[in-house]
Protein chains: 2
Amino acid sequence: MSTHPTVAAFATRNGSLCVGGVELPRLVERVGSTPFFAYDRGLLTARIELLRRTLPAGIDLSYAVKANPMPALVGYLSGLVDSLDVASDLELRTALNTTTPPDRISFAGPGKTPAELRQAVAAGVTVEMESVNEARRLVELGQQLGIRPRVALRVNPDFEIKGSGMRMGGGSQQFGVDVEQAPAVLKEAAAGGLDVLGFHVFAGSQNLRAEILVEAQRKTVELARSLAGDLPGPLRYLNLGGGFGVPYYERDTPLDLAAIGDNLRQLQASAHGDFPQARIVIELGRYIVGECGVYVTRVLDRKESRGRTFLVVDGGLQHQLAATGNLGQVLRRNYPVRVGNRMDEPRSEQVSVVGNLCTPLDLLADRIELQQAQIGDLIVIFLAGAYGLTASPVHFLSHPLPAEVIV
Amino acid sequence: MSTHPTVAAFATRNGSLCVGGVELPRLVERVGSTPFFAYDRGLLTARIELLRRTLPAGIDLSYAVKANPMPALVGYLSGLVDSLDVASDLELRTALNTTTPPDRISFAGPGKTPAELRQAVAAGVTVEMESVNEARRLVELGQQLGIRPRVALRVNPDFEIKGSGMRMGGGSQQFGVDVEQAPAVLKEAAAGGLDVLGFHVFAGSQNLRAEILVEAQRKTVELARSLAGDLPGPLRYLNLGGGFGVPYYERDTPLDLAAIGDNLRQLQASAHGDFPQARIVIELGRYIVGECGVYVTRVLDRKESRGRTFLVVDGGLQHQLAATGNLGQVLRRNYPVRVGNRMDEPRSEQVSVVGNLCTPLDLLADRIELQQAQIGDLIVIFLAGAYGLTASPVHFLSHPLPAEVIV
């Protein structure tokens, strides 16, 4: 049986999976209860190192806090990346509480409230404007606060990219300003005194095909070139988005990061000629944290029902909705799952892992090959680092919130 | 344009939707912020009255707290129904904090922790056992605590019902004990000193076809008859489940409650002959609260993108996931939506209502006919009373929690 690369990245010792070098049964004792999420600091560092050595020097690496806003994790990453992207007032506060300077924080999102915009201007972060109405509000706020708002324009491109988990650019969109409307919005923003730094284009997320990301990045640079003349000054900021996918399923092929690095090297060279002052940003969330985290649960019951074996665990979709295939996925497939205290044993039986909710949706793994697990054993669900706890209905059936630890 | 029955049940005054008799703009001022959930006490009362006059007298009406565990709402309903069903320790606490006596509280769910079982035994509620292991734990706990546990057996029947939103009985299931294993479990439970009251069968949820529910209830009574001989004493509790659906979509036909009432009248008469001591329970969550609640948001932005009009509101899937079609639904369809402060105006334009998250999943209404809405208007999403806030990923993008009010 092949070993999934995400699983293989974690150490094992004495038959136990290790997170941050700590064997799982000991980590459970330290946390004090199951279920919980655990993020591996070493794997986070390794992932950033991989990006640094594969992407060209000079590319700004931004962490999209929405992927995992745990303050300790954001604080740790802030020391490793160049900038942070936020999407709400609490994310903004979390980012400002790190040592990342405000001018290296961006704030994106289609429905920023007037209060959020006010906080962002006061903080001096870069607001990625998503509409002409936002531009007008920022002009007003700048006058009210006596602060010149730093902004970029989020552009909805006239191209689409294929193969993404979610498409967020091209066609009609709630995100950004259509490229054909951009010159008028830029003019209004400049006339209103906004400090317009540049552009942000985000075409889609969770893409495993490098050639598509490469093309999107190329087209985004072209788009910036076509719009740069409408800026009041030089282009100083170009956020190419991210969309780098992670291999959620056993048959997924990991992203060819080298191909992306090669392309970015060329793009950077040509862009640097045209836009010597431009900070070129790659913004990643899931790709940085997704594979570095696990969701750890304990087997509460083991039962047979008409030829099928169920392991009932003490967590469920209320903490890790995506693993049940109920977060926008069209097809339900199993995430990698292992018995974390029996890593040396063969995966010799087929079981279904279900959570503790009263709904058949709460299916964490369907007829998966697993080590023989008994009541009390620890079931680990991998790829829980991004869009796990915060993307799950935590109050469903009113169970206690799980702990989160970074080790 | 037809008026959806759920929408028509709410009063309107001065062009505004009313919740609990309060016009929406005033309610917004009273709550202090948008978005929020509002539940209408008068509609809850009316729904219980409808059930009381349509179902036969003597049928026990139980409220499944999981559908909406807001303490004030559970407290209100506890005065109207006969019993409460809970699924976690917090739901148990909420139920015990009402005036419903412990022997009218049931605790179901496939993954009860040993701590939860202990609390349930100490409280004296009826534990609906989902496995032989749970039976064994309850025997132990009874001995430890010196309390005779009150229990019922949740049975996974050998029939399936069709047409449910979710099937939870028949075939192999994580729920309950297969009927063919039931006699052995009952024997063990009785030998261990458990006070075995009877049975619970729950075949599926969100069913709009009365003839299927009628058949499930008939078969459940037959199943109880076939198993009653394995009980240590007389049958004293028979929970027929619920599964009554509500009309989420414009084309849904509401459930024919009268047909269910007629059938239950016959079943009750025959069951009373065989089981004179049996309390026959219908357990409902969604059907009681689903249509009595609305989710109220405010328009933050209105934008055109390539021929499509978007209203961006200050809430989204983080509060009302089901309305976006991302909670187990196979097809995405629009819930009823209205501009709550323009109820007298015609629905004269087609718009898409999106939330404030950075994801295309956050689509609350897709190309829906709506009153012309401007920034600041109130967008109301109906059918938000059940599985709304608690079934949604509230921390997604770290926005503030919405308020909940019962009026």
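Note on numbering: residues in each chain are counted from 1, in written sequence order. In the order they appear in the text, chains get letters beginning with A and ligands get numbers beginning with 1. Restriction of local features to residues with pLDDT of at least 70 applies here, the model being predicted, together with a cutoff of 80 or more for giving and counting side-chain atom pairs; totals for whole chains, interfaces and linings are based on all residues. Note that the side-chain values use all heavy atoms of the structure and ignore hydrogens as well as water.

1. Here we look at the overall build of chain A
Item 1. Numbering of helices and strands runs from the N terminus, with a helix taken as a DSSP run of H or I at least four residues long and a strand as a DSSP run of E at least two residues long. For chain A, the count of helices and strands is 11 helices and 22 strands.
Item 2. Scaling as 2.2 N^0.38, a compact globule of 407 residues should have a C-alpha radius of gyration of about 22 Å, and chain A matches this with 22 Å.
Item 3. Taken along its principal axes, the extent of the C-alpha atoms in chain A is 70 × 40 × 35 Å.
Item 4. Think of it in three bands: with a 1.4 Å probe and only protein chains considered, a residue is buried below 20% of the maximum accessible area for its type, exposed above 50%, and partly exposed in between. Within chain A, the fraction of its 407 residues that count as buried is 66%. Note on method: radius of gyration uses C-alpha positions; expected globular size equals 2.2 Å times residues raised to 0.38.

2. Describing the nonpolar core
Item 1. Ranked by internal contacts, the top residues of the largest apolar core, which has 275 residues, are Tyr63(A) and Tyr63(B).
Item 2. Any pair of residues with heavy atoms lying within 4.5 Å of one another is described as a contacting pair. Those residues in contact with Tyr63(A), other than ones at most four positions away along the chain, are Asn68(A), Leu73(A), Val74(A), Leu77(A), Val81(A), Ser83(A), Leu84(A), Asp85(A), Leu284(A), Gly285(A), Ile288(A) and Val289(A). Residues belong to one nonpolar core when they are buried, are Ala, Val, Leu, Ile, Met, Phe, Trp, Tyr or Cys, and are joined through side-chain atoms within 4.5 Å.

3. Quick look at the sheet that holds strand 2 (residues 16-19) of chain B
Item 1. As summarised here, the arrangement of the three strands in space is 1-2-3 (chain B), forming an open sheet in which the pairing is antiparallel. The strands lining the two open edges of the sheet, one partner per strand, are strand 1 (12-13) and strand 3 (22-23) of chain B. We call two strands paired when DSSP finds no fewer than two bridges between them.

4. With respect to the packing of aromatic side chains
Item 1. Only centres within 6.5 Å qualify two rings of Phe, Tyr or Trp (six-membered ring in Trp) as a pair; their planes then separate them into stacked at under 30 degrees, edge-to-face at over 60, and tilted for everything else. Overall, the coordinates contain 16 aromatic pairs over all chains when judged by the stated rule.
Item 2. Judged by centre distance (5.6 Å) and plane angle (70°), the rings of Phe10(B) and Phe382(B) are edge-to-face. With a gap of 372 residues between them, Phe10(B) in the loop between helix 1 (5-8) and strand 1 and Phe382(B) in the loop between strand 21 (378-381) and strand 22 (403-406) connect regions that are remote in the sequence. Neither residue differs from the other here; Phe10(B) and Phe382(B) are each classed as buried.
Item 3. Only when the NZ of Lys or the CZ of Arg is both within 6 Å of the ring centre and within 35 degrees of the ring normal is a charge said to sit over the ring. Over the aromatic face of Tyr76(A) sits the side chain of Arg41(A), whose NZ or CZ is 5.6 Å from the ring centroid.

5. Examining the interface of chain A and chain B
The parts lose accessible area when they come together, and the size of an interface is often stated as this lost area.
Item 1. At the interface, 72 residues of chain A touch 72 residues of chain B.
Item 2. Reported buried area values correspond to the accessible surface (1.4 Å probe) lost by two parts on association, with both partners' losses combined. The junction of chain A with chain B conceals about 5600 Å² of combined surface from both sides, 56% of it contributed by carbon and sulfur atoms.
Item 3. It is Gln174(A), Arg306(A) and Cys358(A) that lose the most area in chain A upon contact with chain B, and together they represent 14% of the buried surface on that side.
Item 4. Polar contacts here mean pairs of N or O atoms no more than 3.5 Å apart (in protein, one a potential hydrogen donor and the other a potential acceptor; neighbouring residues in sequence count only if both atoms are side-chain atoms). The interface formed by chain A and chain B holds 37 residue pairs in polar contact (both at pLDDT 80 or more) in total.
Item 5. Mapped onto the side of chain A that touches chain B, the elements with two or more residues apiece are helix 5 (89-96), helix 6 (114-123), helix 7 (132-145), strand 10 (166-167), strand 16 (293-305) and strand 17 (308-313) of chain A.

6. Focus: the side chain of Gln371(A)
Residue and element names in this part refer to chain A.
Item 1. Relative to the helices and strands, Gln 371 is located in the loop between strand 20 (363-370) and strand 21 (378-381).
Item 2. Residue classification places Gln 371 among the buried residues on the basis of a relative accessible area of 2%.
Item 3. Reaching out from Gln 371, the side chain makes a polar contact with the backbone nitrogen of Val 339 at a distance of 3.0 Å.
Item 4. If near-sequence neighbours (up to four positions away) are discounted, Gln 371 is found in contact with Arg 338, Val 339, Arg 342, Met 343, Glu 345, Pro 346, Arg 347, Ser 348 and Glu 349.

7. With respect to the packing of helix 3 (residues 41-54) of chain A against helix 10 (residues 257-274) of chain A
The angle between the axes and the distance between the axes are what describe a pair of packed helices.
Residue and element names in this part refer to chain A.
Item 1. Between helix 3 and helix 10, whose axes approach to 9 Å, the crossing angle comes to 45°. Here helix 10 runs oblique to helix 3, going by the angle between their axes. For the pair helix 3 and helix 10, the contacting residues are Leu 50, Leu 51 and Thr 54 in the first and Leu 257, Ala 258, Gly 261 and Arg 265 in the second.
Item 2. Of the residues contributing to the contact of helix 3 with helix 10, the split by class is four nonpolar, two polar and one charged. Axis lines are fitted through C-alpha atoms, for helices just across the contact stretch, and the angle between N-to-C directions can take any value from 0 to 180 degrees. For classification, angles of less than 35 degrees are called roughly parallel, those exceeding 145 degrees roughly antiparallel, those between 65 and 115 degrees roughly perpendicular, and all remaining angles oblique. Classification convention: Asp, Glu, Lys, Arg as charged; Ala, Val, Leu, Ile, Met, Phe, Trp, Tyr, Cys, Pro as nonpolar; all other residues, Gly among them, as polar.

8. A few points about the confidence of the model for chain A
Item 1. Per residue, pLDDT measures the predictor's confidence, with a range of 0 to 100. Overall, the predicted model of chain A reaches an average pLDDT of 96, with 100% of residues at or above 70.
Item 2. At the level of chain-chain contacts, confidence expressed as ipTM amounts to 0.95, with global pTM at 0.96.

9. Observations concerning the relation of the copies chain A and chain B
Item 1. Superposing chain A onto chain B takes a rotation of 180° plus a shift of 0.0 Å along the axis, which leaves an RMSD of 0.0 Å. Here the copies are linked by what is in effect a two-fold axis. When C-alpha distances to the rotation axis are compared across chain A, the minimum falls at Pro393(A), with a value of 1.9 Å.
Item 2. A symmetric contact is evident, with 100% of the interface residues of chain A recurring at the interface of chain B. Copies are brought into register by a least-squares superposition over C-alpha atoms of residues with pLDDT of at least 70 in both.

10. Some thoughts on the sheet that holds strand 3 (residues 22-23) of chain A
All names here are of chain A.
Item 1. In spatial order, the strands read 1-2-3; together these three strands make up an open sheet with antiparallel pairing. Both edges of this open sheet fall to strand 1 (12-13) and strand 3, since each of them pairs with a single strand only.
Item 2. Pairing geometry for strand 1 and strand 2 (residues 16-19), over two bridges, is antiparallel. Residue pairing across strands places Arg 13 opposite Ser 16, the latter belonging to strand 2.

11. Remarks on helix 9 (residues 210-228) of chain A
Helical geometry: 3.6 residues make up each α-helical turn, so side chains three or four residues apart lie on a common side.
Item 1. To estimate how far a helix should extend, the number of its residues minus one is multiplied by 1.5 Å. Its 19 residues give helix 9 of chain A an end-to-end C-alpha distance of 27 Å, which sits within 8% of 27 Å, the value for a rise of 1.5 Å per residue.
Item 2. Residues of helix 9 of chain A that are buried include every one of Ala210(A), Ile212(A), Leu213(A), Val214(A), Ala216(A), Gln217(A), Thr220(A), Val221(A), Leu223(A), Ala224(A), Leu227(A) and Ala228(A), and no others.

12. As for the pattern of salt bridges
Residue and element names in this part refer to chain B.
Item 1. Salt bridges, as used here, are contacts in which a Lys or Arg side-chain nitrogen is within 4 Å of a carboxyl oxygen on Asp or Glu. Across all of its chains, the model carries 48 salt bridges over all chains by this definition.
Item 2. Linking Arg 104 and Asp 103 is a salt bridge whose minimum nitrogen-to-oxygen distance equals 3.9 Å.
Item 3. In this structure Asp 103 comes out as partly exposed when scored by relative accessible area, which is 33%.
Item 4. Close ionic contact of Asp 195 with Arg 236 constitutes a salt bridge, the shortest N to O distance being 2.7 Å. Here the residue Asp 195 occupies a position in strand 12 (residues 195-200), and Arg 236 occupies one in the loop between helix 9 (210-228) and strand 14 (237-239), the gap between them amounting to 41 residues.
Item 5. Under the relative-accessibility criterion, Asp 195 is labelled buried at 13%.
Item 6. Taking the relative accessible area as the measure of exposure, Arg 236 reaches 29% and is therefore partly exposed.

13. Side note on helix 3 of chain A
Residue and element names in this part refer to chain A.
Item 1. In this model helix 3 runs 20 Å from its N-terminal to its C-terminal C-alpha over 14 residues, within 8% of the 20 Å that 1.5 Å per residue would give.
Item 2. If you check which residues of helix 3 are buried, you get Leu 43, Leu 44, Thr 45, Arg 47, Ile 48, Leu 51 and Thr 54.
Item 3. Turning to helix 3, the residues buried within the fold contact strand 5 (60-64), helix 4 (71-78), helix 10, strand 15 (279-284), helix 11 (286-289) and strand 22 (403-406).
Item 4. The N-capping residue of helix 3, defined by a side-chain oxygen 2.9 Å from the backbone nitrogen of Gly 42, is Asp 40.

14. What to know about the environment of Gly293(A)
Residue and element names in this part refer to chain A.
Item 1. Position of Gly 293 among the secondary structure elements: in strand 16.
Item 2. Its relative accessible area of 0% is what places Gly 293 among the buried residues.
Item 3. When residues no more than four places from it in sequence are discounted, the contact partners of Gly 293 are Phe 10, Ala 38, Tyr 39, Phe 382, Leu 383, Ala 384 and Gly 385.

15. A short note on the pairing of strand 15 of chain A
Residue and element names in this part refer to chain A.
Item 1. Across the six residues of strand 15, six count as buried, placing the element largely inside the fold.
Item 2. Relative to strand 15, strand 5 is paired through four bridges, and the arrangement is parallel. For Asp 60, the partnering residue across the bridge sits in strand 15 and is Val 281.
Item 3. Chirality of the crossover, the property in question, places the unit of strand 14 (residues 237-239), helix 10 and strand 15 among those that are right-handed. By convention, orient the strands away from the viewer: a clockwise path from the first strand over the helix to the second makes the crossover right-handed.

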